[in-house]
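Observations on the model geometry
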Amino acid sequence: APFQPEFASFFGIPGYDDQVADLGPDNGKRYREATAKARSALQEKLQLERDANVRQDLEIMIKAADENIEGSALNEKFLLPWSDAPQMVFNGLNGLLSDQTPPERRAKALDRVKRYVGLLPGSTAITTLARQRYEEKLSDPALLQPTKLEVERAVGNVDTYVAGVRELFAKYRIEGAGEALDAMEKQLKDYNAWTRGKVLPKARTDTRLPPELYAYQL
């Protein structure tokens, strides 16, 4: 949840409605370390548990942790960490601003969008973090660029994401968001221009994956 709070929030886990995805330095390594720690705690519980149904649940969670650690390591080994940051922002706000979400939780969307754009103390714009993670690995020729198809799709969707977020804030009457929404629009469009100019020309047309990563994704 600390690494993908939007996902946790979507499923109603309390305490994450105003948080955003962790794209900070070494986020992959930190995620694997946190998951390994959680897995160790589950393994300790498994050693003590005698109920067959609970043991089965624990074994499923331990296996999921192993798979998540493996997937994170493989992605870091083979792929450049490019992110469709505008889509992340839209999905994070769209999941919170819905009829199924209680009004007191929807109000947290204001802090979430402020955190996305770096307007809250201690926060950094998610587009800045996304660029940093991509650029710090760019000199490694062994890492695969994103595919041209996914980058083109991302570039073509930004205006829709911006308009969609504004419509959601208007629909649910989230007050005081003007500054944050203006900053969001500028940052997402700037990120789009950077993606179009710096990422798209390098994007790969060969969609095949390294055998190890392909086998994992099966």
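Model, not experiment: these values are computed from the prediction.

Examining the overall build of the chain
- When you go through the chain residue by residue, the secondary structure sums to 10 helices and 0 strands.
- Each helix and strand of the chain, ordered N terminal to C terminal, gives the series α-α-α-α-α-α-α-α-α-α.
- Within the chain, counting contacts between residues at least 6 apart in sequence, those at least 24 apart form 73% of the total.
- Carbon and sulfur atoms provide 51% of the accessible area of the chain, an area that totals close to 12700 Å².

Quick word on the packing of aromatic side chains
- Evaluation of the coordinates by the stated rule reveals 6 aromatic pairs.
- On the basis of an interplanar angle of 85° and a centroid distance of 5.6 Å, the ring pair of Phe3 and Tyr31 is categorised as edge-to-face. Within this pair, whereas Phe3 is found in the segment before helix 1 (5-10), its partner Tyr31 is found in helix 2 (residues 27-48), the two being separated by 28 residues in sequence.
- Given a relative accessible area of 16%, Phe3 falls into the buried group.
- Measuring from centroid to centroid gives 5.5 Å for Tyr134 and Trp194, while their planes differ by 85°, and the two rings are edge-to-face. Of this pair, Tyr134 sits in helix 7 (residues 126-135) while Trp194 sits in helix 9 (residues 178-199); the two residues are 60 residues apart in sequence, bridging distant segments of the chain. We note that Tyr134, like Trp194, is buried.

Here we look at helix 2
- Along its 22 residues, helix 2 runs 32 Å from first to last C-alpha, staying within 8% of the 32 Å computed at 1.5 Å per residue.
- As for helix 2, its buried residues are in contact with helix 3 (52-78).

So, the side chain of Ser9
- As for its placement among the helices and strands, Ser9 is situated in helix 1.
- Relative accessible area serves as the criterion here: at 2%, Ser9 is assigned to the buried category.
- Leaving out residues up to four positions away in the same chain, Ser9 has contacts with Tyr16, Asp17, Leu96, Arg105 and Arg112.

Side note on the layout of surface pockets
- Space inside the largest pocket adds up to approximately 1500 Å³.
- Taken together, 50 residues form the lining of the largest pocket, with Gln4, Leu23, Asn27, Asn75 and Ser83 sitting closest to its centre.
- Contributions of two or more residues to the lining of the largest pocket are made by helix 1, helix 2, helix 3, helix 4 (85-96), helix 6 (109-117), helix 7, helix 8 (148-171) and helix 10 (211-217).
- In terms of residue class, the lining of the largest pocket is made up of 20 nonpolar, 15 polar and 15 charged.
- In this structure, the second largest pocket occupies an estimated 470 Å³ of space.
- In this structure, the second largest pocket is lined by 18 residues; those nearest its centre are Ala1, Gln4, Tyr31, Thr35 and Asn68.
- For the lining of the second largest pocket, the elements supplying multiple residues, two or more each, are helix 1, helix 2 and helix 3.
- Top element by residues in the lining of the second largest pocket is helix 2. It accounts for 6 residues.
- Split into classes, the residues belonging to the lining of the second largest pocket amount to 14 nonpolar, 3 polar and 1 charged.

Some details on the environment of Ala41
- Relative to the assigned elements, Ala41 resides in helix 2.
- With a relative accessible area of 34%, Ala41 lands in the partly exposed category.

Things to note about the nonpolar core
- Counting 42 residues, the largest nonpolar core has Trp82, Leu93, Val113, Phe169 and Met184 as the members making the most contacts within it.
- Secondary structure elements with two or more residues in this core: helix 4, helix 6, helix 7, helix 8 and helix 9.
- Ranked by residues supplied to this core, first place goes to helix 8 with 9 residues.

Analysis parameters
Residues numbered from 1 in each chain as written. Predicted model: local features only at pLDDT ≥ 70, side-chain atom pairs only at ≥ 80, totals over all residues. Heavy atoms only, no water. Helix = DSSP H or I, 4+ residues; strand = E, 2+ residues; numbered from the N terminus. Contact = heavy atoms within 4.5 Å. Areas by Shrake-Rupley, 256 points an atom, 1.4 Å probe, with all protein chains shown as cover. Phe/Tyr/Trp six-rings, centres within 6.5 Å; stacked < 30°, edge-to-face > 60°. Buried < 20%, exposed > 50% of the residue type's maximum accessible area, 1.4 Å probe, protein only. Expected span 1.5 Å × (residues − 1). 1 Å grid on protein atoms, 1.4 Å probe; cavity = no way out; pocket = protein on both sides within 12 Å on 5 of 7 lines; lining within 4 Å. Points joined across faces, edges and corners; volume = space filled by probe spheres on them. Nonpolar A, V, L, I, M, F, W, Y, C, P; charged D, E, K, R; others polar. Core = buried A, V, L, I, M, F, W, Y, C linked by side-chain atoms within 4.5 Å.

So yeah, pure geometry; function would need other evidence.
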